[in-house]
Amino acid sequence: MADELKKPKKKVALKVSGAASSKAAAEDAEADKESMGQVRKSLVFLAFVVVAYMAYLVISGQFDEFVASLSGVDMGWIASGVVCFLFYYVFGVLAYVLSVIADPDSPVGIRDLMSVEASGVFFMRLTPNGAAAPPAQIYRLTRAGLNVGQASALNFTRFVLYEAGEGVFAAIMLIFCGSYFYEQFGDVTLIGVFLFGFKVVQVGAVLFLCLFPRPVTALGNWALRLANRHGWLKDEKYDEYYNLVNNQVAEFSAAFKGAAKNVGEMCATMVVTLLQLGCMYALPYFVLRAFGEPADFMVCLASGSMLELLINAVPLPGGTGGAEVGFAYLFSDMFGSHLAAGFVIWRAVEYLLPVLIAAPCMGMRSNSGVSINRRWHRIWGGFTGAIRGFIDTGSFKGGAKGVGGGKRAQRGAVTVKPKAKKSAGAGPAAKPSASKVRTLESGAKVTTRGSKTVVTGTAPAPQVDIAAKIAAGKAAAKKPGSGK
């Protein structure tokens, strides 16, 4: 009776889950299509910017100087800068891996996360303020097997850590290079401090949302009702934002609090994020060296950090406008006459090349079905097993040559005693059969007498007279009081 009652419930649950999953996948696919529409508009806008920039060089008479600067570029340093930015992508994937590696049943694989990070790189650069990046990343996480809530929570947690990393990196740079900015730019340094303060407020607001979801939900509902009552927000949008405030805020908060419990994982992800940001901020250093100009690595990191804060504050694709003005202001003294050419190369490595590399990677998918957690334990177990095998045998092959070979056999004798079969009757003691001796490559000797095998190495064990032991045992058995 119990089995009959369970069956219908199971079928209904599976059916509802499948319908919800299909609906979520369709919504995510639609969001991805909208993102691509934004990308097409952004590409048209950027093409217009490139034409305008080239026209400016021609009109201002800097075009010949621009061409002459490009002709003297050391391509070795440019290649090094490209490799540096590739590590930005590698560290981004690693940060996602650290976010899912603790779950042994996570369906997300390495190639799935490569697709997710590539989507972030692509849409972050081609849409205003990177607005299309989160929907595109969530879509690829759901395609990998996560439901919409899990994908949104994972992506939101990664977003929080990345934003916090930008603030932490800027704070470190201001501590070490604050005096340089003040001496070089004077009171204009306050703009950099303002940008840093804006980042702190932004991260603080996100953390408040994660740690205190109830006040955020109440405040959000009040604002939605007010906007809808005055006609500022249509009913369709009201329903959309109401669902966001009352459902996803709680999911984001729960996901972040769950991740924050694992302090070690959070700290490791933050370190990886700082390394990732450093790979992007260091690009002006490689461009300066490509022109043969002296460069201070820490100053380039600090200036790159401030420049990215300015780019993020401009609500245009790729921070267009802020990138040009910020680069010219922060690096004009470093590049000198190579400023125009330096900006073009920096922009190509930091902006255009990542878009070209990320585009084909967005379609990558994992198909092994084995979680990253299980793969890691398999690899780590094999590594530690090889180390233990090397300690025990002196070889990474995990085994010894021959019978009882290796270093253990050379230390002394090892006796192997197979289990003897019971005979039908007890007869007189049989004479031991002739022994057979063979020598292994390691120098150990294997001696076989009947059913017994003795392995001797360079320090042979004392020989035992088997026949004498058998005779002594029989004599002891015949003594009175032995029970025989």
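Not measured: the values here are computed from a predicted model.

Student: Explain the packing of aromatic side chains to me, please; I cannot follow it from the model alone.
Tutor: How two aromatic rings sit relative to each other is set out by the distance from centre to centre and by the angle between their planes. Taken as a whole and judged by the stated rule, the model has 24 aromatic pairs. Ring geometry for Tyr285 against Phe286: centres 5.6 Å apart, planes inclined by 85 degrees, an arrangement best described as edge-to-face. In this pair, the class of Tyr285 matches that of Phe286, namely buried. On the numbers, 5.7 Å between centres and 20 degrees between planes, the contact of Trp376 with Trp380 is stacked.

Student: Explain the nonpolar core here, please?
Tutor: Note that soluble globular proteins tend to have their nonpolar side chains buried in a common cluster. Membership of the largest hydrophobic core comes to 95 residues, with the highest contact counts inside it found for Leu113, Phe122, Phe123, Leu141, Phe335 and Trp346. Not counting residues within four places of it along the chain, the set of residues in contact with Leu113 comprises Val93, Tyr96, Val97, Val100, Val108, Leu141 and Ile372. Leu224, Ala227, Leu233 and Tyr238 belong to the second largest nonpolar core, which has five residues in total.

Student: I keep staring at the packing of helix 6 (residues 148–185) against helix 10 (residues 263–281) and nothing clicks. Help me out?
Tutor: Geometry of a packed helix pair, given as the angle between the helix axes and the separation of the axes. Their axes nearest at 9 Å, the elements helix 6 and helix 10 cross at an angle of 60 degrees. Viewed along their axes, helix 6 and helix 10 adopt a mutual orientation that is oblique. In the crossing of helix 6 with helix 10, the sense of the turn from one axis to the other is right-handed. Of the residues in helix 10, those in contact with Arg158, Leu161, Tyr162, Ala164, Gly165, Glu166, Val168 and Phe169 of helix 6 are Met266, Thr269, Met270, Thr273, Leu274, Gln276, Leu277, Gly278, Met280 and Tyr281. Considered class by class, the residues forming the contact of helix 6 with helix 10 number eleven nonpolar, five polar and two charged.

Student: What am I meant to see in the pattern of salt bridges here?
Tutor: Side-chain pairs of opposite charge can arise where the charged atoms are in close proximity. Inspection of the entire model under this criterion finds five salt bridges. Among the salt bridges present, the one from Glu166 reaches Lys199, with a minimum N-O distance of 2.7 Å. In this pair, Glu166 is assigned in helix 6 and Lys199 in helix 7 (residues 189–211), connecting sequence segments 33 residues apart. Take Glu166: its relative accessible area is 3%, and that puts it in the buried class. Between Arg347 and Glu350 there is a salt bridge, and its shortest N-O distance comes to 3.4 Å. Within this pair, Arg347 and its partner Glu350 are both found in helix 14 (residues 339–361), separated by three residues, close to a single helical turn. Per residue, the accessibility class of Arg347 equals that of Glu350, and both read buried. It is possible to trace a salt-bridge network through shared partners that takes in Glu163, Glu166 and Lys199.

Student: Explain the side chain of Arg125 to me, please; I cannot follow it from the model alone.
Tutor: Checked against the element boundaries, Arg125 lands in helix 4 (residues 110–126). For the buried Arg125, which has no salt bridge, the nearest side chain bearing the opposite charge is Glu350, at an N-O separation of 4.3 Å. With residues up to four places along the chain from it excluded, the contact list for Arg125 reads Phe85, Met280, Pro317, Gly318, Glu350, Tyr351, Pro354 and Val355.

Student: Would you mind showing me how to read unusual backbone geometry here?
Tutor: Both trends apply: most residues other than glycine have a negative phi, and most peptide bonds are in trans. Phi at Asn129 takes a positive value of approximately 55 degrees, unusual for a residue other than glycine. Residue placement: Asn129 occurs in the loop between helix 4 and helix 5 (133–143).

Student: Quick question: what am I supposed to make of the environment of Val73 here?
Tutor: Along the chain, Val73 turns up in the loop between helix 2 (63–71) and helix 3 (75–100). Sequence separation of Val73 and Phe291 is 218 residues, and the distance between their C-alpha atoms is 5.3 Å. Once you skip the residues sitting within four places of it in the chain, Val73 turns out to touch Ile78, Ala290, Phe291 and Ile345.

Student: Would you explain the confidence of the model for the protein in this entry?
Tutor: It should be kept in mind that the predicted coordinates are not to be read in detail where pLDDT is low. Taken over all residues, the pLDDT of the protein has a mean of 78, while the share at 70 or more is 75%. By mean pLDDT, the top-scoring element of the protein is helix 11 (residues 283–290) (95), and the lowest-scoring one is helix 16 (residues 407–411) (40). Counted against residues more than four places away or in other chains, residues 1–21, with its pLDDT under 50, gives zero contacts. With pLDDT under 50 throughout, residues 399–430 is counted as low confidence; its partners more than four residues away or in other chains account for 33 contacts.

Student: What should I look at first to understand helix 11 in this one?
Tutor: Think of an α-helix as 3.6 residues a turn; residues three or four steps apart then line up on the same face. For helix 11, the tally of buried residues reaches seven of eight residues, placing the bulk of the element in the interior. Taken together, the buried positions of helix 11 are occupied by Leu283, Pro284, Tyr285, Phe286, Val287, Leu288 and Ala290. For helix 11, the secondary structure elements touched by its buried residues are helix 3, helix 10, helix 12 (297–313), helix 13 (322–335) and helix 14. Two residues or fewer past helix 11, Gly292 is found with a positive phi of approximately 80 degrees.

Student: In this structure, what is going on with a nonpolar patch on the surface? I would like to understand it.
Tutor: Taken together, Val50, Met54, Val58, Ile59, Phe63 and Val67 make up a surface patch of nonpolar side chains, about 540 Å² in accessible area. Sorting the residues of the nonpolar patch by element identifies helix 1 (2–59) and helix 2 as the ones contributing at least two each. For Met54, the position within the fold is in helix 1. Note on Met54: relative accessible area 31%, which makes it partly exposed.

Rules behind the numbers
Residues numbered from 1 in each chain as written. Predicted model: local features only at pLDDT ≥ 70, side-chain atom pairs only at ≥ 80, totals over all residues. Heavy atoms only, no water. Phe/Tyr/Trp six-rings, centres within 6.5 Å; stacked < 30°, edge-to-face > 60°. Buried < 20%, exposed > 50% of the residue type's maximum accessible area, 1.4 Å probe, protein only. Core = buried A, V, L, I, M, F, W, Y, C linked by side-chain atoms within 4.5 Å. Contact = heavy atoms within 4.5 Å. Axes fitted to C-alpha atoms, helices over the stretch in contact; angles between N-to-C directions. Helix = DSSP H or I, 4+ residues; strand = E, 2+ residues; numbered from the N terminus. Parallel < 35°, antiparallel > 145°, perpendicular 65-115°, else oblique. Left-handed = near helix turned anticlockwise from the far one by under 90°. Nonpolar A, V, L, I, M, F, W, Y, C, P; charged D, E, K, R; others polar. Salt bridge = Lys/Arg side-chain N within 4 Å of Asp/Glu carboxyl O. Lys, Arg positive; Asp, Glu negative; His and termini not counted. pLDDT = per-residue confidence, 0-100. Patch = residues over 30% accessible without salt bridge, like charges linked within 9 Å, V, L, I, M, F, W, Y side chains within 5 Å. Areas by Shrake-Rupley, 256 points an atom, 1.4 Å probe, with all protein chains shown as cover.

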